[in-house]
Protein chains: 2
Amino acid sequence: MKYGIALFPNKTIQDVANSYRKRYDTHYALIPPHITLKEPFELIDDERDELILNLKKIANKTKPFQISIQKVSSFQPLSNTIYLKVEPVDELTTLHEKLHTGKLPNNRKHPFVPHITIGQNMNDVEFSDVYATCRMQKFNLKDTIDRFQLLYQLENGSWTVYETFVFGDEKI
Amino acid sequence: MKYGIALFPNKTIQDVANSYRKRYDTHYALIPPHITLKEPFELIDDERDELILNLKKIANKTKPFQISIQKVSSFQPLSNTIYLKVEPVDELTTLHEKLHTGKLPNNRKHPFVPHITIGQNMNDVEFSDVYATCRMQKFNLKDTIDRFQLLYQLENGSWTVYETFVFGDEKI
């Protein structure tokens, strides 16, 4: 089965992202607005319990941290993807690093650029139009991140949450 | 914010459900296939931590249990909703009961009929056609349920998972 690890920002940020995604993101219906922490990777069921144990250990040792979003950016010329740029903070980079080292598969293909996709798979003309408009927009969105999610992919390409990992020690 | 509690059956069951939902369920893009355990209810942020503590206590005292799906049924004449009928088992009824008593809001409107919706909001003619076909279908789907999920609703009507509650004691 194909798994991925992501975090969902708060409702305010998700609502802003969806106002763009509805028109410009072909994955709009497949997953809520998210920051990908680990790209999709294959795992057999037997390996899942060990993965989860490792994810719990990582979450237990992570403290909640702030993120902020101020503008839109794009991966051009690599791709026509448009995204809400999540200002890089050490805590996010460290979390990403931990999810690719030790007992976790290192499936990194690109340097980590924290982002929330709001448009993808547009043709060049549409991309230029949309990006010209979006990049003028300024934001002042903040959130405290205190959890990440392990998801798996269904046949139709959509993602279901398997488990949530809340930062810090378990309270009960 | 509007919250709901649901459980996601395994990928096999979700894929079967989606093969129908894609054509017949207007909520197809809003949430993965699920069994609703608690209908949407309003909660302010301050109340959420206490809710979560109560949900953890319930999950810790619940043991994994089997569900099975053998056929399609419908809520007619109440509504034109078509669903995969989840054979009622005591564990599921008890869990539903616990999610509506004690410190949890009792927002029950109907008797609990465990189901996975695969079609809704069809007109009468479409409903009759689709239901006549679906009800002939026999299934032999089984799953072990070992968790439920707290979700919240975004402005566009879609649902994001806030937290997963795994049955039994925390392992670490």
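About the cut-offs
Residues numbered from 1 in each chain as written. Chains lettered and ligands numbered in written order. Predicted model: local features only at pLDDT ≥ 70, side-chain atom pairs only at ≥ 80, totals over all residues. Heavy atoms only, no water. Pairing = 2+ DSSP bridges. Helix = DSSP H or I, 4+ residues; strand = E, 2+ residues; numbered from the N terminus. Axes fitted to C-alpha atoms, helices over the stretch in contact; angles between N-to-C directions. Contact = heavy atoms within 4.5 Å. Buried area = accessible area lost by both parts, 1.4 Å probe. Salt bridge = Lys/Arg side-chain N within 4 Å of Asp/Glu carboxyl O. Polar contact = N/O pair within 3.5 Å; in protein donor to acceptor, adjacent residues only side chain to side chain. Nonpolar A, V, L, I, M, F, W, Y, C, P; charged D, E, K, R; others polar. Buried < 20%, exposed > 50% of the residue type's maximum accessible area, 1.4 Å probe, protein only. Least-squares fit on C-alpha atoms with pLDDT ≥ 70 in both. UniProt positions renumbered as here; feature names shortened; annotations may be inferred.

**Considerations on the sheet that holds strand 6 (residues 138-145) of chain A**
All names here are of chain A. If you trace the 4 strands from one edge of the open sheet to the other, you get 5-4-3-6, paired in antiparallel fashion. Each edge of the open sheet carries a strand with a single partner, namely strand 5 (115-119) and strand 6. The sheet shows a mean angle of 30° between the axes of neighbouring strands, taken without regard to direction. Inspection of the sheet shows strand 4 (residues 82-86) paired to strand 5 by 4 bridges, in the antiparallel sense. Among the inter-strand pairings, leucine 84 is bridged to a residue of strand 5, identified as isoleucine 116. Lying on the sheet, helix 1 (residues 11-24) is in contact with strand 3 (65-74), strand 4, strand 5 and strand 6; it crosses strand 5 at an angle near 35°. Along the sheet, helix 4 (residues 124-134) contacts strand 3 and strand 4; its crossing angle with strand 3, the most-contacted strand, is approximately 130°.

**A word on the interface of chain A and chain B**
On the side of chain B, 34 residues touch chain A, which itself brings 34 residues to the contact. Between chain A and chain B, roughly 2,600 Å² of surface is buried when both sides are summed, and carbon and sulfur atoms account for 53% of that area. Connecting chain A to chain B are 4 salt bridges. Between arginine 147 of chain B and glutamate 163 of chain A there is a salt bridge whose closest N-O contact spans 2.9 Å. Where chain A packs against chain B, one counts 17 residue pairs in polar contact (both at pLDDT 80 or more). If you list the elements that add at least two residues to the side of chain A that touches chain B, you get helix 1, helix 2 (45-60), strand 7 (147-153) and strand 8 (159-166) of chain A. Broken down by element, the residue count for the side of chain A that touches chain B peaks at 7 residues, all from strand 8 of chain A. Of the residues contributing to the side of chain A that touches chain B, the split by class is 15 nonpolar, 9 polar and 10 charged.

**Regarding the pairing of strand 3 of chain A**
All names here are of chain A. Within strand 3, 7 of the 10 residues are buried, which leaves the element mostly enclosed by the surrounding structure. For strand 3 and strand 4, the ladder comprises 5 bridges, and the chain directions are antiparallel. What sits directly across from serine 74, in strand 4, is isoleucine 82.

**A short note on the environment of valine 130 of chain B**
Residues and elements named next belong to chain B. With respect to the element layout, valine 130 can be found in helix 4 (residues 124-134). On a C-alpha basis, the gap between valine 130 and glycine 119 in space is 8.7 Å, while along the polypeptide they are 11 residues apart. Leave out the neighbours within four places in its chain, and valine 130 touches Tyr24, Ile82 and Met122.

**Comments concerning the relation of the copies chain A and chain B**
What relates the pair of chain copies is a rotation about an axis plus a shift along that axis. Expressed as a screw transformation, the operator carrying chain A onto chain B has a rotation angle of 180° and an axial translation of 0.0 Å, and the superposed copies differ by an RMSD of 0.0 Å. Given the turn and translation reported, the copies of this chain are related as if by a two-fold rotation axis. Residue by residue, 100% of the interface of chain A is reproduced at the interface of chain B, so both copies engage with the same surface.

**Focus on the UniProt feature "active site" (unreviewed entry) in chain A**
Residues and elements named next belong to chain A. Mapped onto the present numbering, the UniProt feature "active site" (unreviewed entry) falls at His34 and His115. On the basis of their most widely separated C-alpha atoms, the annotated residues across 82 residues gather in one place, lying no more than 8.0 Å apart. Among the structural elements, histidine 34 can be located in the loop between helix 1 and strand 2 (35-42). Among all residues touching histidine 34, those that are not within four sequence positions of it are Ala6, Leu7, Phe8, Pro9, His115, Ile116 and Thr117. A distance of 2.9 Å separates a polar atom in the side chain of histidine 34 from the backbone oxygen of proline 32.

**Here we look at the pairing of strand 7 (residues 147-153) of chain B**
All names here are of chain B. Counting buried residues along strand 7, 6 of its 7 residues qualify, which places the element largely inside the surrounding structure. Looking at chain direction, strand 1 (residues 2-7) and strand 7 are connected through 4 bridges and run antiparallel. For glycine 4, the partnering residue across the bridge sits in strand 7 and is leucine 151. Alignment of strand 7 against strand 8 (residues 159-166), held across 7 bridges, turns out to be antiparallel. Bridge assignment links glutamine 149 to a residue of strand 8, and that residue is threonine 164. Hairpin connection of strand 7 to strand 8: 5 residues between the antiparallel strands, including glycine 157 at a positive phi of 95°.

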